[in-house]
Amino acid sequence: IQIFSFFSVNILIIIYFNFFSKYFNLFDIPNETRKKQIKPVSLFGGFIFVINLNLFLFFDIYYDTNFLSNFFGLNTNIQLLTFIIIFYAIYLIGYADDKFNLRPLTKLILVSICLYLIIFFNQDITINSLRSNLIKKEIDLFFIAPYFTIFCVLCFMNAMNMFDGINLASFLQFFLIVLIIFIENKIGKLSLMILFSLLVFGYLNFKNLSFLGDSGV
């Protein structure tokens, strides 16, 4: 029933995309400097993931599978709730940037705070060391590990933001990453949900109907 629900919701998103994008009312407007598309393109892509995440959370809570809690090492409901709020906060920061064009420093500080809080709740996602086949040595990052992790995530987000204006570029990057994770069976249900979202976005992006926007990246 979960797979059927995800499939049905995403089919509805495609069918009623024009209605949703007009109601969402967030578009990437072409200009003479960076944005070369012929007409305004909806930035609804990020919200596709929010819709699917909401559905995933509903099933996770309703069936009491505790998938997110177990995977991210969250021991209490307060921790889980805080973790979810942080994720939505990152989305809302991106949405505000798409809508109101936040100052880069403001966005950098806000996202960095959110990432630090995520690392605080789950130390397992921290990059604690660097390994290279060239120098045959492992470099321990010690106390700078959380900050280095945040730096890497911010660099990745910035790079994907630049790719977003090229049709299918960001889709292919994210799709390959999540597909590998799914094949490795690291986060099966969550990665499957993300793949559903990506396929819908990929179709809309291929048709030049939607970008991810800062809220999606």
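What counts as what
Residues numbered from 1 in each chain as written. Predicted model: local features only at pLDDT ≥ 70, side-chain atom pairs only at ≥ 80, totals over all residues. Heavy atoms only, no water. Pairing = 2+ DSSP bridges. Helix = DSSP H or I, 4+ residues; strand = E, 2+ residues; numbered from the N terminus. pLDDT = per-residue confidence, 0-100. Expected span 1.5 Å × (residues − 1). Buried < 20%, exposed > 50% of the residue type's maximum accessible area, 1.4 Å probe, protein only. Phe/Tyr/Trp six-rings, centres within 6.5 Å; stacked < 30°, edge-to-face > 60°. Core = buried A, V, L, I, M, F, W, Y, C linked by side-chain atoms within 4.5 Å. Contact = heavy atoms within 4.5 Å. Salt bridge = Lys/Arg side-chain N within 4 Å of Asp/Glu carboxyl O. 1 Å grid on protein atoms, 1.4 Å probe; cavity = no way out; pocket = protein on both sides within 12 Å on 5 of 7 lines; lining within 4 Å. Points joined across faces, edges and corners; volume = space filled by probe spheres on them. Nonpolar A, V, L, I, M, F, W, Y, C, P; charged D, E, K, R; others polar.

Bridge count between strand 3 (residues 129–132) and strand 4 (residues 137–140): 4 bridges; the pairing is antiparallel. In the sheet register, Leu130 faces strand 4, and the bridge partner there is Ile139.

Attention shifts here to the confidence of the model for the chain. Low pLDDT means the predicted atomic positions in that stretch should not be read closely. Summary statistics for the chain give a mean pLDDT of 86 and a share of 95% for residues scoring 70 or more. Within the chain, helix 6 (residues 104–121) carries the highest mean pLDDT (92), whereas helix 4 (residues 67–72) carries the lowest (76).

An α-helix turns once every 3.6 residues. As a result, residues three or four positions apart point the same way. The end-to-end C-alpha distance of helix 3 (residues 45–62) is 26 Å, a good match for the 26 Å that 18 residues give at a rise of 1.5 Å each. For helix 3, every residue scored as buried is listed here: Gly45, Gly46, Ile48, Phe49, Val50, Asn52, Leu55, Phe56, Leu57, Phe59 and Asp60. Where helix 3 terminates, the next one or two residues include Asp64, which has phi positive at roughly 55°.

Take the packing of aromatic side chains next. Summed over the entire model, instances satisfying the criterion amount to 20 aromatic pairs. Each ring, one from Phe24 and one from Tyr95, has its centre 5.6 Å from the other, and the planes form 70°; the classification is edge-to-face. Linking Phe24 in helix 2 (residues 17–24) with Tyr95 in helix 5 (residues 77–100), this pair joins segments that are 71 residues apart in sequence. One aromatic cluster in this structure is built from Phe17, Phe19, Phe20, Tyr23, Phe24, Phe44, Phe47, Tyr91 and Tyr95.

Next up on the list: the nonpolar core. Counting residues in hydrophobic clusters, the biggest one holds 51 residues, and the most contacted among them are Ile48, Phe56, Leu68 and Leu198. Beyond its immediate sequence surroundings of up to four residues, Ile48 is in contact with Asn10, Ile13, Ser197, Val200, Phe201 and Leu204.

This paragraph deals with the pattern of salt bridges. Tallied over the full model, the rule gives 3 salt bridges. With a shortest N-O distance of 3.5 Å, Arg131 and Glu138 are connected by a salt bridge. One salt-bridge network, in which partners are shared between bridges, spans Asp97, Lys107 and Asp214.

Next up on the list: the layout of surface pockets. Approximately 1600 Å³ is the volume attributed to the largest pocket. Residue lining of the largest pocket: 43 residues in total, with Phe72, Phe87, Phe174, Ile194 and Val217 positioned closest to the centre. Elements that contribute at least two residues to the lining of the largest pocket include exactly helix 3, helix 4, helix 5, helix 6, helix 7 (145–163), helix 8 (169–183), helix 9 (188–206) and helix 10 (213–216). For the lining of the largest pocket, the element with the highest residue contribution is helix 5, accounting for 7 residues.

Inspection of every chain in the model, using the stated rule, returns 1 cavity of 30 Å³ or more. As a volume, the largest cavity reaches approximately 50 Å³. Looking at the largest cavity, the residues that line it are Gln2, Phe56, Phe59, Asp60, Thr65, Phe67 and Lys189. With 3 residues, helix 3 is the single largest residue contributor to the lining of the largest cavity. Each residue belonging to the lining of the largest cavity can be placed in one class, and the counts come to 3 nonpolar, 2 polar and 2 charged.

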